[in-house]
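# Notes for the structure review
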Amino acid sequence: MKLYQVDAFTSSLFRGNPAAVVPLERWLDDALLQNIALENNLSETAFLVPDDTGYALRWFTPRVEVDLCGHATLAAAWVVFNALGFAGERVRFNSASGPLYVTRSGQRLTLDFPARPATPITETSTLEHALGVPIRAAAQARDLLIEVDSAACVREYQPDFSAIAALDTFAVMLTAPGEDCDFVSRFFAPAKGVPEDPVTGSAHCTLVPWWADKLGKKRLHARQLSARGGELFCEMTGDRVSLSGEARCYLKGDILL
């Protein structure tokens, strides 16, 4: 089996979010897929199999299968367009979150994902104690959204991974207004095998509706302030979210089983 490692949501190597992509001819046993993801030890490994309308796509962290992943979908699209000989400009991935589309325009790839608006949380004192940060606003979708006062607060936050893992949520997103962009964020999912994710497309399915409503605009420029850093160009389109960025392939290899 071929394996590709692609840095997503970046125009240069060693930045953005690395994902492994494994094209398959047919599905393997789930336990084997999970073991490959564990061996890769990246936040996500994407597996894809050709089907009648494009490709079936699944994503695994080192610990669990997830229902949606943005950066690994971007990485999978890079492999489809650049390594698998796909001639079109728009590829369809069939996933646990329904059909997902990726369109290429030059070096930029655009994801068409379902929006996941969050429901506001009014009582935040327990969360403030657990997270150790003053909270401006909080809301819950698949992930817990925590808005704080400034980009500096997001950038300098020192997470307590044990406290975050104990919360009843898939992950925690810390977000604030941006300094040289519309908003910034960081993403933590230690209970799912991802202490901090460098750039998280699925999180922006919740962050974009949140900030589009707050800022009164549909097109948004976002940065994720992880150590590697990442940049996303986002747009609300009805009940969908468009997420655009570039990707660079770091390695191509063989899985020997």
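Only a predicted model underlies this, so the values are computations on that prediction, with no experimental measurement involved. (Residues numbered from 1 in each chain as written. Predicted model: local features only at pLDDT ≥ 70, side-chain atom pairs only at ≥ 80, totals over all residues. Heavy atoms only, no water.)

### Topic: the overall build of the protein
- Along the backbone of the protein there are six helices and 18 strands.
- Taken against the 2.2 N^0.38 rule, which gives 18 Å for 257 residues, the C-alpha radius of gyration of the protein at 18 Å falls within 12% of a compact globule.
- Reported as C-alpha extents along the three principal axes, the dimensions of the protein are approximately 50 × 35 × 30 Å.
- Split into buried and exposed, the 257 residues of the protein put 55% on the buried side.
- Across the protein, the centroid of the 24 positively charged side chains sits 5 Å from that of the 31 negatively charged ones. (Helix = DSSP H or I, 4+ residues; strand = E, 2+ residues; numbered from the N terminus. Rg over C-alpha atoms; globule rule 2.2 N^0.38 Å. Buried < 20%, exposed > 50% of the residue type's maximum accessible area, 1.4 Å probe, protein only. Lys, Arg positive; Asp, Glu negative; His and termini not counted. Charge placed at Lys NZ, Arg CZ, Asp CG, Glu CD.)

### Examining the pattern of salt bridges
- Summed over the entire model, instances satisfying the criterion amount to 19 salt bridges.
- For Lys-217, the salt bridge is made with Asp-182, and the minimal N-O distance between the two is 2.9 Å. Taken together, the residues span a long stretch of sequence, with Lys-217 in the loop between helix H6 (204-215) and strand E15 (219-224) and Asp-182 in the loop between strand E12 (172-177) and strand E13 (183-189) at a distance of 35 residues.
- For Asp-182, a relative accessible area of 17% puts it in the buried group. (Salt bridge = Lys/Arg side-chain N within 4 Å of Asp/Glu carboxyl O.)

### Focus on H6
- Most of H6 is tucked away: nine of the 12 residues are buried.
- Those residues of H6 that sit buried are His-204, Cys-205, Thr-206, Leu-207, Val-208, Pro-209, Trp-210, Trp-211 and Ala-212.
- Of the residues flanking the end of H6, it is Gly-216, one or two places downstream, whose phi is positive at about 65°.

### Observations concerning the nonpolar core
- Counting residues in hydrophobic clusters, the biggest one holds 58 residues, and the most contacted among them are Leu-48, Trp-59, Val-91, Phe-93, Val-102 and Val-208.
- The dominant element in this core, judged by the number of residues it contributes, is helix H2 (residues 70-82), at nine residues.
- If we ignore the near neighbours within four places in the chain, the residues touching Val-208 are Phe-183, Leu-220, Cys-234, Glu-235, Met-236, Val-241 and Leu-243.
- Judged by nonpolar contacts, the second largest core, of 20 residues, contains Val-133, Val-148, Ala-151 and Tyr-157. (Core = buried A, V, L, I, M, F, W, Y, C linked by side-chain atoms within 4.5 Å. Contact = heavy atoms within 4.5 Å.)

### Some points on the packing of aromatic side chains
- Taken as a whole and judged by the stated rule, the model has seven aromatic pairs.
- Plain terms: the ring middles of Phe-47 and Phe-60 are 5.6 Å apart, the flat faces sit at 85° to each other, and that makes the pair edge-to-face. Residue Phe-47 is found in strand E3 (residues 45-50), and its partner Phe-60 is found in strand E4 (residues 55-60); the two are separated by 13 residues along the sequence. With respect to burial, Phe-47 and Phe-60 carry one shared label: buried.
- Seen from the ring of Trp-27, Arg-58 lies directly overhead, with NZ or CZ sitting 5.1 Å from the centre.
- Directly above the ring of Tyr-101 sits Arg-90, whose terminal nitrogen or CZ lies 3.9 Å from the centroid. (Phe/Tyr/Trp six-rings, centres within 6.5 Å; stacked < 30°, edge-to-face > 60°. Lys NZ or Arg CZ within 6 Å of the ring centre and 35° of its normal.)

### Overview of the pairing of E15
- In this sheet, E15 lies alongside E13 in parallel orientation, the contact comprising three bridges. Paired with Phe-183 across the bridge in E15 is Ala-222.
- As judged from the six bridges shared by E15 and strand E16 (residues 230-237), these two strands associate in the antiparallel manner. In the strand pairing of E16, Gln-224 is matched with Gly-230. (Pairing = 2+ DSSP bridges.)

### Digging into a nonpolar patch on the surface
- Taken together, the side chains of Leu-13, Phe-14 and Tyr-250 present a nonpolar region at the surface, about 320 Å² in accessible area.
- In this structure, Leu-13 sits in the loop between strand E1 (2-8) and strand E2 (17-23).
- Its relative accessible area of 34% is what places Leu-13 among the partly exposed residues. (Patch = residues over 30% accessible without salt bridge, like charges linked within 9 Å, V, L, I, M, F, W, Y side chains within 5 Å. Areas by Shrake-Rupley, 256 points an atom, 1.4 Å probe, with all protein chains shown as cover.)

### Quick notes on the pairing of strand E14 (residues 194-197)
- Looking at chain direction, E13 and E14 are connected through two bridges and run antiparallel. Residue pairing for E14: Phe-187 is matched across the bridge by Asp-197.
- Linking E13 to E14, which pair antiparallel, is a turn of four residues; within it Gly-193 sits at a positive phi near 90°.

### Description of the environment of Leu-24
- Within the fold, Leu-24 resides in the loop between E2 and helix H1 (30-40).
- Under the relative-accessibility criterion, Leu-24 is labelled buried at 7%.
- Linking Leu-24 and Trp-210, residues 186 residues apart in sequence, is a C-alpha distance of 37 Å.
- Beyond its immediate stretch of four places on either side in the chain, Leu-24 contacts Met-1, Leu-33, Phe-47, Leu-48, Val-49 and Pro-50.

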